[in-house]
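Here's the letter readout for the chains.
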Amino acid sequence: KHEVLFPVCLPDEGTFDRLDTFLEKHPKYTELSDRMVLNWAEKSGVWRQKGYGPNSRSCNDKPEKHFGVPELDNDSVQRALLMVAPMQQRNYVIMEVKGNLIEDDRKAMLATFSDASFKKVADVVV
């Protein structure tokens, strides 16, 4: 059985630092987040209006995209990844700080991984 981990954390409390540490210790997990899409775009050489430097993001949870590519700017890529991810049978970390805190958003994401082959785990950090 594969695991889908939903970190439930307070914003701006080291959430993404904690995630980075977790992923270093557990390399079999794949991060699914807007930050991950931004990192993928950078590694793929996709131009971004603000660049990719350390001061290019106001937020890791929902960073501004500004690629000038509609599919990247309007979240089509994220939606496509979430449609395909359950078919891949991997361990995932759903890193949506706000989304994992809000019940309706969390329920919608849980429905994406409704297959019985996924164990859904909330990792509550206070």
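Up top is the structure these notes are about.
Just so it is clear, the model here is predicted, and its values are computed rather than measured.

*Asks:* Break down the packing of aromatic side chains for me, with residues and values.
*Replies:* Inspection of the entire model under this criterion finds four aromatic pairs. Ring centres 5.1 Å apart and planes at 70 degrees place the aromatic pair Phe22 and Tyr29 in the edge-to-face group. Per residue, the accessibility class of Phe22 equals that of Tyr29, and both read buried. One aromatic cluster in this structure is built from Tyr92, Phe113 and Phe118.

*Asks:* Pulling in residues and values, what's your account of the nonpolar core?
*Replies:* Core analysis: the biggest nonpolar cluster contains 16 residues, and Val4, Leu32, Phe67, Tyr92, Ile94 and Phe113 have the highest contact counts within it. The set of elements that each furnish at least two residues to this core consists of strand S1 (2-8), helix H2 (34-43) and strand S3 (91-94). Ranked by the residues each element gives to this core, the list is headed by H2, at four residues. Of all hydrophobic cores here, the second largest spans nine residues; its members include Leu5, Phe16, Leu23 and Met95.

*Asks:* How would you sum up empty space enclosed by the protein? Please name residues and give values.
*Replies:* Rolling a probe over the atoms, with the probe sized like a water molecule, indicates the empty space that remains. Under the definition given, this model contains two cavities of 30 Å³ or more. Sorting the residues of the lining of the largest cavity by element identifies S1 and helix H1 (15-25) as the ones contributing at least two each. Looking at side-chain class alone, the lining of the largest cavity contains seven nonpolar, one polar and two charged residues. Of the voids in this model, the second largest cavity is the one considered here, and its volume is about 30 Å³. Looking at the second largest cavity, the residues that line it are Asp34, Val37, Leu38, Pro63, Lys65, Phe67 and Gln78. It is H2 that provides the largest number of residues to the lining of the second largest cavity, a total of three residues. Classifying every residue of the lining of the second largest cavity by side-chain character gives four nonpolar, one polar and two charged.

*Asks:* Residue-level account of the environment of Glu3, with values.
*Replies:* With respect to the helices and strands, Glu3 occurs in strand S1. With 87 residues separating them in the primary sequence, Glu3 and Arg90 have C-alpha atoms 7.4 Å apart. In this view, Glu3 contacts Tyr29, Arg90, Asn91, Tyr92, Lys119 and Val121; residues no more than four positions away in its chain are not counted. Side chain to side chain, Glu3 and Tyr29 meet in a polar contact 2.5 Å long.

*Asks:* Outline the pattern of salt bridges, listing residues and values.
*Replies:* Should the charged atoms of two oppositely charged side chains come close, the side chains can pair. Applying the stated criterion across every chain, the model contains nine salt bridges. Of the charged contacts in the structure, one is a salt bridge between Lys62 and Asp34, with a shortest N-O distance of 3.1 Å. Of this pair, Lys62 sits in the loop between H2 and helix H3 (70-73) while Asp34 sits in helix H2, and the two are 28 residues apart along the sequence. Among the salt bridges present, the one from Lys65 reaches Asp75, with a minimum N-O distance of 2.9 Å. One end of the pair, Lys65, is in the loop between H2 and H3; the other, Asp75, is in the loop between H3 and helix H4 (76-84), with 10 residues separating them in the sequence. Overall, the relative accessible area of 14% leaves Lys65 in the buried class. Taken together, the salt bridges that share partners define one network made up of Asp34, Lys62, Lys65, Asp75 and Glu96.

The rules we used
Residues numbered from 1 in each chain as written. Predicted model: local features only at pLDDT ≥ 70, side-chain atom pairs only at ≥ 80, totals over all residues. Heavy atoms only, no water. Phe/Tyr/Trp six-rings, centres within 6.5 Å; stacked < 30°, edge-to-face > 60°. Buried < 20%, exposed > 50% of the residue type's maximum accessible area, 1.4 Å probe, protein only. Core = buried A, V, L, I, M, F, W, Y, C linked by side-chain atoms within 4.5 Å. Helix = DSSP H or I, 4+ residues; strand = E, 2+ residues; numbered from the N terminus. 1 Å grid on protein atoms, 1.4 Å probe; cavity = no way out; pocket = protein on both sides within 12 Å on 5 of 7 lines; lining within 4 Å. Points joined across faces, edges and corners; volume = space filled by probe spheres on them. Nonpolar A, V, L, I, M, F, W, Y, C, P; charged D, E, K, R; others polar. Contact = heavy atoms within 4.5 Å. Polar contact = N/O pair within 3.5 Å; in protein donor to acceptor, adjacent residues only side chain to side chain. Salt bridge = Lys/Arg side-chain N within 4 Å of Asp/Glu carboxyl O.

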